[in-house]
Every structure is written in structure tokens, then in C-alpha cells.
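The primary structure of each chain is shown beneath.
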Amino acid sequence: MALTHLTDFPDKLSPMLVKELRQGMRARGFTMLFLIFQGLLAFILLSAGTASTSDNAGSFASGVIFTLFAAAALVIQPMRGANALSSEITGNTIEMMALTRLSAWRIVFGKWIAIVSQTTPILITIIPYLILRYFFGGMVLLGEMVFLTLLFLTSMALTAVMVGLSGNSTKILRVLPVVGFILTLQIIPMILFRGGFNNFMDYCTLSTWESRFSILAYLCFIAYFGWCALSFGTSVIAPVAENHSTARRLVALALTCIAAAIGLHPDVEYRIMPVVFGIILAPAVITALTEPSIMLPPICKPFVKRGLPGKLAAIFLLPGWPAGVFYTTLLLAISGAGCFLSAGPGPGSRYDIEILIISLSIVGGILLPALLAANFSKQENKRFTNFVVFLLVLVIFTIIPAIFANMNSHEKYLWFFAWNPLIFLTMVEERSFEKSQLLTAVMVVDFIILILLLGTACIAYRKYRETFDEARAGLGSDAPPLTSLPES
Amino acid sequence: MSALKIQNLYRYFGNLKAVNGVTFEIPHGSVCGFVGANGAGKTTTMRILATLDYPTLGSAEVCGINVVHHPAEVRKLIGWMPDHFGNYEHMTVLEYLDFYARALGYKGKERRQRIQEVMDFTDLVPLADRFSNKLSKGMTQRLGLGRALLHDPQVLIMDEPAAGLDPKARVELKHLIRVLAKEGKTIFISSHILSELGEMCDSLLFINNGRIVHHGDSETLRRGSDTLGGVLYDVQVDGKPDAVSDWCVLQPNVEFLEARKQGGRIRIDTEDPTKAADVLARMVKDGLRITEFHREQRNLEDAFIDIIGRLDSGKPALPPPLPEEKLMVDG
């Protein structure tokens, strides 16, 4: 038997990429998308060509080309990642892969890069149409190229989010983003045809420092978000004895410290600091608060090896939600200090009470579902799902009372829902509430939730003690017994 | 050093004690059958050995390497074949093996050579261009075996490989396992079909409710001794069939097990053949007209049921339960 056709992909390519490309290129989804995309583009260019006498034919063609590309790259291609890992898990193939030399990260990364590499042909095939469109006139060449690149990079990040979430066994977590994408699909043409495209072009021409900085910040944000998502997916499928959490936490910690340091610069707009911290903290904190708390000696070993500093670091960096709670507290403390110092301490402080209420409300809105998930999650691997469900419930308990209060003009009833920190997001909008009262209330609510969460985490963290002892006993031995065991 | 060594292994899922104090060793180059009812703890034990699960307490080693502390090293030594595994859409048998060969680190010519060897061994060559998700159960199992053998592992762990196979596929699989055993591989295999295990296994492990209840060779079990502590005989008489059971009631070392057409099945509580001769002589002396008296070869299913039956009546000692404070936090 000749195995010559096994040389279709070079050895240097990741096995996952080879596998995914072999499968993906034969999948109907990709083929149909590609053909439909090409057909529509050709049709639109011909239509625009016949109407080329009109002044706005060029911008119309651009709008349509970018709408189609955005729909394909921002919606359809990321949605293909919705089952990337879950199909391997339910198909019982992920374990087969885990037994090879492929690490969990390489599996997730391979899944992601395969979908991205299938978006690339779509991107490349758009270029001839853009060249044709150039002859219609009115084209902002640099702007449109930058915009195209940004769309592609955003597609990469969204695909990473979908691939990262796809490892979850619960369908709700995979369905929610799909619903979001479907909504986005309807919003894209509205944005691009109602002046939005020109606004984007203003930014994408990179003519001002502000636009350059905004685009750079956006790129950093999507890169960080995409990496966090892939890292989360890796944690979900990795064997329990592997630790992928500490690296993620260290990166977020470093970014928080850097952001806090940058915030000290007098030229930095202090109002933007809560947003920056929010972007950095959100993925790090949510994953840290919802990680399973299964502890094995190999995970503890690197911390135990480093003696007291290692033991102290373990309190914040050990995988699992109990250490995640301490880590979250640390990040919140650094961010709080960063915001406070950026606004300027003392009597001349510039801090905005509304921003403060909103920030604390969001913090509480994350901590409360985490507290509920910590106490009511029976299965360790369902903790993240439970967190999302509790968060959705809180959102519902925010929206419905707010609508009800507005309809009846009984805003004061919203105080009955003050246990839900997210309710302060609506209360802050109402003029009938004293802002200082709201601030005090949200601080009290957040403080109570945090204390309860820390208490729960302390109790759970104490259970790691035995595993630490086992890891300590195992140091220096090549293949030590796990523990002293009862005789059978 | 044993190929597989498990010491006081416990695996709890919440309140469910899937594995409850299992200890055994399997020497290099042997074929060991792992027998137990559904939910007895077979798959959990095997998954721990395959580094796919972790013990709540206890240790598991493959060729002397701890599966929890050094999973990557263990994975190089084992080939794992689960009871059920999915195949990929839009991927041929050849591409399937190529993917795993790449994932195992094989490159270029070596990779193609290894795939060729495995396909020849498992007779997958005619199926090379078939899509892997369109194969029959027997073909899929051969493909799974081929995948498990790609890196030429020392130990093969197979969970119910014969489940759902037709007789022809079973014979083929059995043949492949025999060949692998001849090559000196250690094979740890679970199955419900005890007769097949008996034919190809050097030893059998019985597990029940997460505990090992028997570890021995199939021949001993067939002869009806070992854990049962006696030998089974089929006795046929001329005259009233009840005569045998009536006679057994009065005998101290003889137990009547079940009635048969012209007599019954009895157990004599010793393996000593002279004692059996004594029993026969006493029967004749007491007036029983014996037409047949022969030692019975039990099938393995009977042996298994007998052992489980004895366990249910609480006869053998059981390992101590895991102390509550030793339990790790787990779902």
C-alpha cells in the first residue's frame, strides 16, 4: 500500500491543524460559506458596476463588501468554533488525544488556528473585489485595509472565545454566544450603512494620535481576551493534574499592576481607569472564581518546593476557586488603589461618584454569583455554568424590577432588591436616589458578599492541607506513593 | 517490577465508591482479564491506570512509574483502548492513523512506516480510504487497536474491546490479542464474555462493588476450588433423585448445591481426591445406587456468580472503608 498521499501536509505543521484542515475543508459548512460569499460578492460588484455613474456607487460597494466579510468573519466563522471542543469531548476522542504528546494547549490552539486559517481564504478572496472597487472611486485605501485587518483580527479573537467556551459540557454556555452572534448579524449592516462605516474610516486612516492609540489599545484588548479564552478552554480539557491557571493569573496580575502604574501618570484620563481594570479583570476574575477545586499533589509540588514564599504564592495562585477568591480580592485591591490614585487622593480628588457606584455594582454583580456557585455547585465541573446561570438570574432581577419601577414611578421599591448589587446600575440612573446613599449601600452589599465569599474560600482552602502534605512527602522521590494508606 | 501495580486504590465520586480499596499486581508479559458487573469499578480502575482519571487515595503504577506523579511518562508506556470511542467525520482510516502518529511525534518516513505496520497487523489496509466514522463495530475496534499500538506500547489496557462485536470480529480480535501476547506485551483486558477471557488470559481479576474479590488463573476457577474451598461433583443415582440431597444433609463435609434430573450437584470441601473416594464409598455403603460420579468443570460464569454469591453472604473479609477525613474535595 502506498502511503504517499500522507505527505500532503508537512511534518512541521501542528497535528491538530492538519487534522482540522483535512476535516474542515471537506465540511459542507466551509464550502457553502465560501461559495455563497464569492457568489454574493460577484453579484454585488456587477450591480455596482452597472450603477457606477452614481456618485455613491463606490461607498455602497465598500459597505456591502465589508458587511459580507464582517458577517462571515465575525459571525459565521466564530460560530463554527461553538462545538470545537465539545464535539471531541462527547465523541470521546479528547482522551485519545490527551494520551498522545499533544498538550491541552496545543489541542485548543490547533482547533482555533484551523478555523482562523479557514477565514484567511475568505479574507484573501476579498482583495480582488476591493481592487475592482478602487476603480469606482472614493476609496480610502489605507483606511479600508486597516479596517479589513481589524475585522480579521476581531474574527480571530471571537473565534478564540467560542473555541474556549466550547469545552463546556453545558449547552447553555455554547448557545448564549451563538444567540449573541445572530443578533450581531442583524446589527452589522445597520452599523455599516448608517454612517458607521465612515466613522470607522476616520479611525482606520490612523491620522491622529488618538486613533492610533485607540486601535493599539483595541488590538491589545482582543489579544488578551482571545488568549484568556483559549487558556480557559485549555483548563477545561486538560488533565486535572495539569495547572494552566497560575500562568493566566500571573499575566492578569502583571497587567493590573502595569495599568495601575500607567494610571498614575497625570495625563491619563482617570475616568478610563475603571474600564481598563474591568477589561483586564473580567476574564481573569471570572475564571479564577469558577475553577474546579480538585487538588492533586503534582499541582502543589511547584509551590511546596519554594518553601514559605511558595506557600504564600499558593494562596493566590493555586488553581481552584478557593485560591481564586483570594486572588480576586488582591486584584480588586490593586485596581481600587489604582483608580483611587489616578483620580488623585485627598480633598482635591476628581473621582466621579457615579463611576464608583457603577464599578462597585459590577464587582458585586460578579462576586454574588461566585458566592452562590461556591455554595450550591454540587459538581466541580459545573461551577462555571452555575456562575453564568446565577449571573443571568441577577440580570433578570435587575431588569424586571427596573421596568416595573419605571412603569409605576415607584423607584423606591428598588431598595427591596438592594441585595442584588446590579440593581444599583439602574438606581444610579434615577434622580430620586441620593448618590451618596447609593454609594454607601453598594459598598455595604459588596463588603458582605466579599466577607461571605472569603469565609467560604477559607473553609475550602483548608481541605488542600493534606494534598500539600502529600506533595511535600513526594519531594525528592521519583515515584512516591501518594500517601500512607489503610491496610486492606 | 510489575507491569501494573495498584495499591489500596480508592476512587469516590461524591458518595459513590467506584473503587474501594483495590490492590493487585500484574507481571510483565502476562494477559490479565478484568471481570465485573456493570458499575463494579472496572472502567474507573482502568482509566486511572491510563492516566485519564485520578485516585481519591492510593497509588497506581505502570512499570514502576506513578500514574499521578508522572502521567506523561506513563502515557508512553501504555496503549489505551476504551469501550467506546468516537471517530471523526470527513477523515479516512489512513488519515485517522496519520493524525495520531503525528500527535505521537512520528515524522516523515518513520511515521508512514509505523502506520503501514499497524495497518498490516490489524488488517486495515483494505479500509484505508474508508471514512473512519462509516466503519462497522468490528472494523472500528480494529482501528482503535491500531491507534493504541501506534507507539508500540509495553502495556495494553483494553476496556471491553469485544462488546458489541459479531462472532467473526470477536475471533479476529482474540487472534490479534494472542499475537500481541506472544510478542510479550502486557495486556490488561476487561470483558463480560468470561469464556473468551478464560481462553486468552493468564490470570483473572474479579471486581465487585469496587473491590477485588478474586485473583487467580482460570483453570483453578474451572476446577471449582480456590476461593470456594472445595470441589464440585455431579452425582447421578438410580432410583429416587432426592436420595442424594437427603444423604448430603447428614454429611459434615458435603454440601448439596442443586438438584438435577437423577441426582444433583454437590461440593466436597477439600481438593484431596482420596476424600472424594471416601464420600463415594460412604454413598454406596449407605445404599445409594450411583450411576455417575464425576468431578465437574465449571464454566467461568458459574465461578464468578459463586464468588459474588459468597460475597453477598458476607463470607470473605473486605478491605476497610476509606476514612472520611481522607476524602479529597471532589464532585
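Residues numbered from 1 in each chain as written. Chains lettered and ligands numbered in written order. Predicted model: local features only at pLDDT ≥ 70, side-chain atom pairs only at ≥ 80, totals over all residues.

1. Observations concerning the overall build of chain A
Within chain A one finds 19 helices and zero strands. For chain A, buried positions account for 42% of its 488 residues. Taking as baseline every contact in chain A between residues at least 6 positions apart, the subset at least 24 positions apart corresponds to 80%. (Helix = DSSP H or I, 4+ residues; strand = E, 2+ residues; numbered from the N terminus. Buried ≥ 20, exposed ≤ 12 C-beta atoms within 10 Å, placed from the backbone. Contact = placed C-beta atoms within 7 Å.)

2. Focus: unusual backbone geometry
All names here are of chain B. One non-glycine residue, H90, lies in the positive phi region at around 55 degrees. Its place among the elements puts H90 in the loop between β6 (78-81) and α3 (93-103). For N209, which is not a glycine, the phi torsion comes out positive at approximately 50 degrees. Locating N209 in the fold gives a position in the loop between β9 (203-208) and β10 (211-216).

3. With respect to the interface of chain B and chain A
Residue-level contacts link 54 residues of chain B with 47 residues of chain A. Sorting the residues of the side of chain B that touches chain A by element identifies β1 (4-13), β2 (16-26), β4 (57-62), β5 (65-66), α2 (71-77), α3 and α4 (108-121) of chain B as the ones contributing at least two each. Among the elements that make up the side of chain B that touches chain A, the one with the highest residue count is α3 of chain B (seven residues). Considered class by class, the residues forming the side of chain B that touches chain A number 26 nonpolar, 18 polar and 10 charged. (Nonpolar A, V, L, I, M, F, W, Y, C, P; charged D, E, K, R; others polar.)

4. Some details on the nonpolar core
Judged by nonpolar contacts, the single largest core of 203 residues is most densely connected at I65 of chain A together with L97 and I157 of chain B. No other element matches helix α3 (residues 57-79) of chain A, which puts 14 residues into this core. With 14 residues, the next largest nonpolar core counts L232, Y233, V254 and M283 of chain B among its residues. (Core = buried A, V, L, I, M, F, W, Y, C linked by C-beta atoms within 7 Å.)

5. Things to note about the environment of T170 of chain A
All names here are of chain A. Within the element layout of this structure, T170 appears in the loop between α7 (141-165) and α8 (171-204). Linking T170 and A241, residues 71 residues apart in sequence, is a C-alpha distance of 23 Å. Discounting residues that sit within four places of it in the chain, T170 has contacts with K382 and T385.

6. Comments concerning the domain arrangement of chain A
Residue and element names in this part refer to chain A. Domain annotation of chain A identifies domain 1 (14-211) and domain 2 (240-475). The straight-line distance from the C-alpha centre of domain 1 to that of domain 2 is 33 Å. In this complex, domain 1 contributes six residues to the contact, which on the side of domain 2 involves seven residues. For the side of domain 1 that touches domain 2, the residue count by class is three nonpolar, three polar and no charged. (Domains from an automatic or database assignment.)

7. Quick word on the sheet that holds β2 of chain B
All names here are of chain B. Spatial strand order, β2-β1-β4-β5: four strands in an open sheet with antiparallel pairing. Edge positions in the open sheet fall to β2 and β5, since each of these has one partner strand only. Where β1 meets β2, eight bridges bridge the pair, whose relative direction is antiparallel. In the sheet register, L4 faces β2, and the bridge partner there is I26. (Pairing = 2+ DSSP bridges.)

8. Description of the confidence of the model for chain A
Residues and elements named next belong to chain A. Of the residues in chain A, 89% reach a pLDDT of 70 or more, and the chain-wide mean stands at 83. By mean pLDDT, the top-scoring element of chain A is helix α18 (residues 435-462) (94), and the lowest-scoring one is α8 (71). Note that pLDDT drops below 50 for residues 477-488; the model gives that stretch 32 contacts with residues more than four away or on any other chain. (pLDDT = per-residue confidence, 0-100.)

9. Thoughts on the sheet that holds β6 of chain B
Residues and elements named next belong to chain B. The six strands lie next to each other as β6-β7-β8-β3-β9-β10, forming an open sheet whose pairing is mixed. A strand with exactly one partner marks an edge of an open sheet, and here the two such strands are β6 and β10. Neighbour to neighbour, the strand axes of the sheet diverge by 15 degrees on average, direction disregarded. As judged from the four bridges shared by strand β3 (residues 31-35) and strand β8 (residues 186-190), these two strands associate in the parallel manner. Paired with V31 across the strands is I187, a residue of β8. In the packing of helix α1 (residues 42-49) onto the sheet, contacts are made with β3, β7 (155-159), β8 and β9, and the angle to β7 comes to roughly 150 degrees. Strands β6 and β7 of the sheet are contacted by helix α5 (residues 137-149), whose axis makes an angle of about 160 degrees with β6. (Axes fitted to C-alpha atoms, helices over the stretch in contact; angles between N-to-C directions.)

10. Let's talk about the confidence of the model for chain B
A low pLDDT means the predicted coordinates there should not be read in detail. On average, residues of chain B carry a pLDDT of 84, and 91% of them reach 70 or more. The ipTM value of the predicted complex is 0.74, and its pTM value is 0.79.

11. Thoughts on the domain arrangement of chain B
Each assigned domain of chain B is listed here: domain 1 (27-53 + 72-87 + 135-222) and domain 2 (225-297). One C-alpha centre belongs to domain 1 of chain B, the other to domain 2 of chain B; they are set 38 Å apart.

12. Some words on the pairing of β7 of chain B
Residue and element names in this part refer to chain B. In terms of residue burial, β7 counts as a mostly covered element, since five of its five residues are buried. Note that β6 and β7 share four bridges and pair parallel. Bridge assignment links M81 to a residue of β7, and that residue is M158. In this structure, β7 lies alongside β8, joined through five bridges in parallel fashion. Following the sheet pairing, V155 is matched in β8 by T186.

13. A word on the environment of F37 of chain A
Residues and elements named next belong to chain A. The residue F37 is located in helix α2 (residues 28-50) in this model. Distance in space between the C-alpha atoms of F37 and L367 is 44 Å, their sequence separation being 330 residues. Once you skip the residues sitting within four places of it in the chain, F37 turns out to touch L68, A72 and I122.

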